[in-house]
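Residues per chain, in single letters:
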Amino acid sequence: MAVNHIESASPTQHRVAESAVRPPSSLRIGLSRVVPELKMFFRRPEQLGLTFSMPAVICILLGSIFATKMPHSETSTGAVIAASMLAYGILSTSFINLGIGIAADRETGALKRLRGTPATASSYFVGKISLVAVASLAEAIVLLSVGVLVFKLRLPTDVFGWFTLAWVFLLGIVSCSLLGIFVSNFASNAVSAAVITNGPAVGLQFVSGTYVPLILLPTWMLTLGSIFPVKWMAQGFRSVLLPSNMAVYEPAGSWEHWQTFSVLTAWSIGGLVACLSVFRWSDRT
Amino acid sequence: MTGQSSAVHVRSLAKTYGRLTAVRDLDLDIGYGEIFAILGPNGAGKSTTIEILEGHRKRDSGHVCVLGEDPGTAGSSWRAKIGIVLQEASDFGMLTVSETVQMFAKCYGKARVPEEVLELAGLGSVSGARVRTLSGGQRRRLDVALGIIGMPQLVFLDEPTTGFDPEARRQFWDLIKLLAADGTTVLLTTHYLEEAATLADRVAVIAGGRLVAVDSPAKLTGHVSTAATVQWREGDELHVEETDHPTDLIRQRSKDGAELAQLTVTRPTLEDAYLQLIGLA
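Residues numbered from 1 in each chain as written. Chains lettered and ligands numbered in written order. Predicted model: local features only at pLDDT ≥ 70, side-chain atom pairs only at ≥ 80, totals over all residues.

Caption draft 1: A look at the overall build of chain A. Secondary structure summary: chain A contains 13 helices and zero strands in total. The linear arrangement of helices and strands in chain A, starting from the amino end, is α-α-α-α-α-α-α-α-α-α-α-α-α. Overall, chain A is about 100 × 40 × 35 Å in size when its C-alpha atoms are taken along their principal axes. Residues counted as buried form 45% of the 285 residues belonging to chain A. Of all intrachain contacts in chain A linking residues separated by at least 6 positions in sequence, the fraction that spans at least 24 positions is 80%. (Helix = DSSP H or I, 4+ residues; strand = E, 2+ residues; numbered from the N terminus. Buried ≥ 20, exposed ≤ 12 C-beta atoms within 10 Å, placed from the backbone. Contact = placed C-beta atoms within 7 Å.)

Dropping the structure here:
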């Protein structure tokens, strides 16, 4: 007797069979979250204002205060600060943005809800990392525009310069993002996350040469700043945005590209290990 | 074998938080297609239990099998088969209702059509609104929409109508009944007796982290004293007697043709049974 198998299945069985389809890969789920993450970020005017205008405004203010030329050079102190300020921009769009954003996702239940679906932690981070990449690129464009238009920074003219700019930018984002993810685990809510990210961030600006040129810092501050990624990012950006003779104002008298690469890579690896060992979906056990 | 015969199979479940025992020695069996309610007062261990079954919380001991797998170790294929309706989420406020549902639909290999889910949940008219502008009731309907978008075999609802006004609660119940009509297994927790009685095929009453009774709402009263209470007034004196034979008692008292003033005969209601089960009566 001929039986149409699909017709013969009860609606319930049919439905159950369909839902046994394998869920999409972590990457595919993650990619589907990129646009929503961007929408959520760009739909918050106050957050956008803080993230994008703060570094630019501080750059213009400090650059205007330190308007004199660096000794024995044609480069203004403002230009040195403007080049360094890119590091603050990245810190803002990666470390602060993720530190607060993930704590907020934990607080509002977004992470818990995602945990109840086939999405994995990797899916979640694909969305977040893409958000950071886009926001950081936008921040870099804002700050480079300010630097070029107001403080006469010169964009790299050779491939090597762009290459250096690219890897400093990339390693800076990766290391600071991972630190942001790490720090978010110690915040019980978005407000406390704002405190434990912005607090260290402001401190780091002072010891890392983004607010004040490194040559003006006492030795202990320089030593402290040299431990963290911001100082090295800022140095990397100065190396491509300032005339090459400005290297004499660096602590070592040179741009120290290898040291910059090593420190940022070390923070990236350490950050990854730390995140993998402490990331939690919710406040509960 | 246990995983095949029932959607949820729990034996000797225990969970403590520090010195506080949340759940102890809990056994549960929920069949496929059943609407099952865990009823109990606040702090009875309802949320802890449902969160362990959802895989959101670790248990201290006991055997737990949900849709054939241990929720503590099950992977994303298992999570594709369950749907969790969160209790107090306030996430995705900046997305629109429709964007949120579409985003979650992409987490599943096979999902319902977002527009249809929104219609089903009664959110069709606000699909373009930002989530943060929704009312409390609409927000919970969105939670349901997100819980069922992946065509789950089993849906968890943790105190779904807490804070609702009576009208919104009734509408929400209709939605749950609609869900269950296609054979989806539903497990809900509630501290509203009426909710459990209206929705559930079977009710587990828990108090102090322990299961005190499991039965259909109609039969739950059978777990407690079923004696009738006969009450009447003679002069200034109010008489109250409990008896298994109220008709006999009244016949005795009125055989001389006397009218018993303010006569009432009452049986324990489901509420009385519930209060007695959780040790408050």
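Caption draft 2: Focus on the overall build of chain B. From N to C terminus, chain B includes eleven helices and twelve strands. C-alpha atoms of chain B, sized along the principal axes, occupy 80 × 45 × 35 Å. Across the 281 residues that make up chain B, the buried fraction comes to 41%. Restricting the contact set of chain B to residue pairs at least 6 apart, pairs at least 24 apart contribute 66%.

Caption draft 3: Spotlight on the environment of B:Ala74. Residue placement: B:Ala74 occurs in the loop between β4 (61–66) and α3 (76–79). Through-space distance from the C-alpha of B:Ala74 to that of B:Gly55 is 7.9 Å; in sequence the pair is 19 residues apart.

Caption draft 4: Highlighting the packing of helix α6 (residues 136–148) of chain B against helix α7 (residues 166–180) of chain B. Residues and elements named next belong to chain B. α7 packs onto α6 with a crossing angle of 10° between their chain directions and a minimal axis gap of 11 Å. When the axes of α6 and α7 are compared, the pair comes out roughly parallel. From α6, Gly137, Arg140, Arg141, Val144 and Ile148 reach across to α7, where they touch Ala168, Phe172, Leu175 and Leu179. Partitioned by chemical class, the residues of the contact of α6 with α7 number six nonpolar, one polar and two charged. (Axes fitted to C-alpha atoms, helices over the stretch in contact; angles between N-to-C directions. Parallel < 35°, antiparallel > 145°, perpendicular 65-115°, else oblique. Nonpolar A, V, L, I, M, F, W, Y, C, P; charged D, E, K, R; others polar.)

Caption draft 5: Representation of the confidence of the model for chain B within the structure. Across chain B, the average pLDDT comes to 88, with 98% of residues at 70 or higher. Quick note on the complex model: pTM equals 0.81, ipTM equals 0.79. (pLDDT = per-residue confidence, 0-100.)

Caption draft 6: Structural detail: the domain arrangement of chain B. On domain assignment, one finds that chain B holds domain 1 (1–81 + 154–163 + 181–223), domain 2 (88–152) and domain 3 (224–277). One C-alpha centre belongs to domain 2 of chain B, the other to domain 3 of chain B; they are set 52 Å apart. (Domains from an automatic or database assignment.)

Caption draft 7: Structural view of the interface of chain A and chain B. Tallying the contact residues gives 33 residues for chain A and 33 residues for chain B. Every element with two or more residues in the side of chain A that touches chain B is listed here: α2 (11–19), α3 (26–32), α4 (34–42), α6 (77–108) and α7 (110–115) of chain A. Residue contributions to the side of chain A that touches chain B peak at six residues, all from α2(A). Taken together, the residues of the side of chain A that touches chain B sort by class into eleven nonpolar, ten polar and twelve charged.

Caption draft 8: Quick look at the sheet that holds strand β1 (residues 8–17) of chain B. Residue and element names in this part refer to chain B. With respect to topology, three strands assemble into an open sheet ordered β2-β1-β4, the strand pairing being antiparallel. A single partner strand is all that each edge strand has here, and the edge strands are β2 (20–30) and β4. Across the sheet, the axes of successive neighbouring strands diverge by a mean angle of 25°, strand direction being ignored. Pairing of β1 with β4, which is carried by five bridges, proceeds in the antiparallel orientation. Paired with Val8 across the strands is Val66, a residue of β4. (Pairing = 2+ DSSP bridges.)

Caption draft 9: The sheet that holds strand β10 (residues 228–234) of chain B, seen in detail. Residues and elements named next belong to chain B. With antiparallel pairing, the three strands of this open sheet are ordered in space as β11-β10-β12. Sheet topology places β11 (237–243) and β12 (261–266) at the edges, where each strand pairs with a single neighbour. Adjacent strand axes in the sheet meet at a mean angle of 10° when their direction is disregarded. Bridging between β10 and β12 involves four bridges; their strand directions are antiparallel. What sits directly across from Arg233, in β12, is Ala261.

Caption draft 10: Layout of helix α8 (residues 121–151) of chain A. With 31 residues, α8(A) extends 42 Å between its outermost C-alpha atoms, agreeing within 8% with the 45 Å of an ideal straight helix rising 1.5 Å per residue. Two residues or fewer past α8(A), A:Lys152 is found with a positive phi of approximately 55°. (Expected span 1.5 Å × (residues − 1).)

Caption draft 11: Layout of the nonpolar core. Counting 140 residues, the largest nonpolar core has B:Ala145 and B:Leu187 as its most contacted members. Of all the elements, α6(A) adds the most residues to this core, at 18 residues. Once you skip the residues sitting within four places of it in the chain, B:Leu187 turns out to touch B:Val8, B:Ile30, B:Phe36, B:Ile50, B:Leu53, B:Leu154 and B:Phe156. (Core = buried A, V, L, I, M, F, W, Y, C linked by C-beta atoms within 7 Å.)

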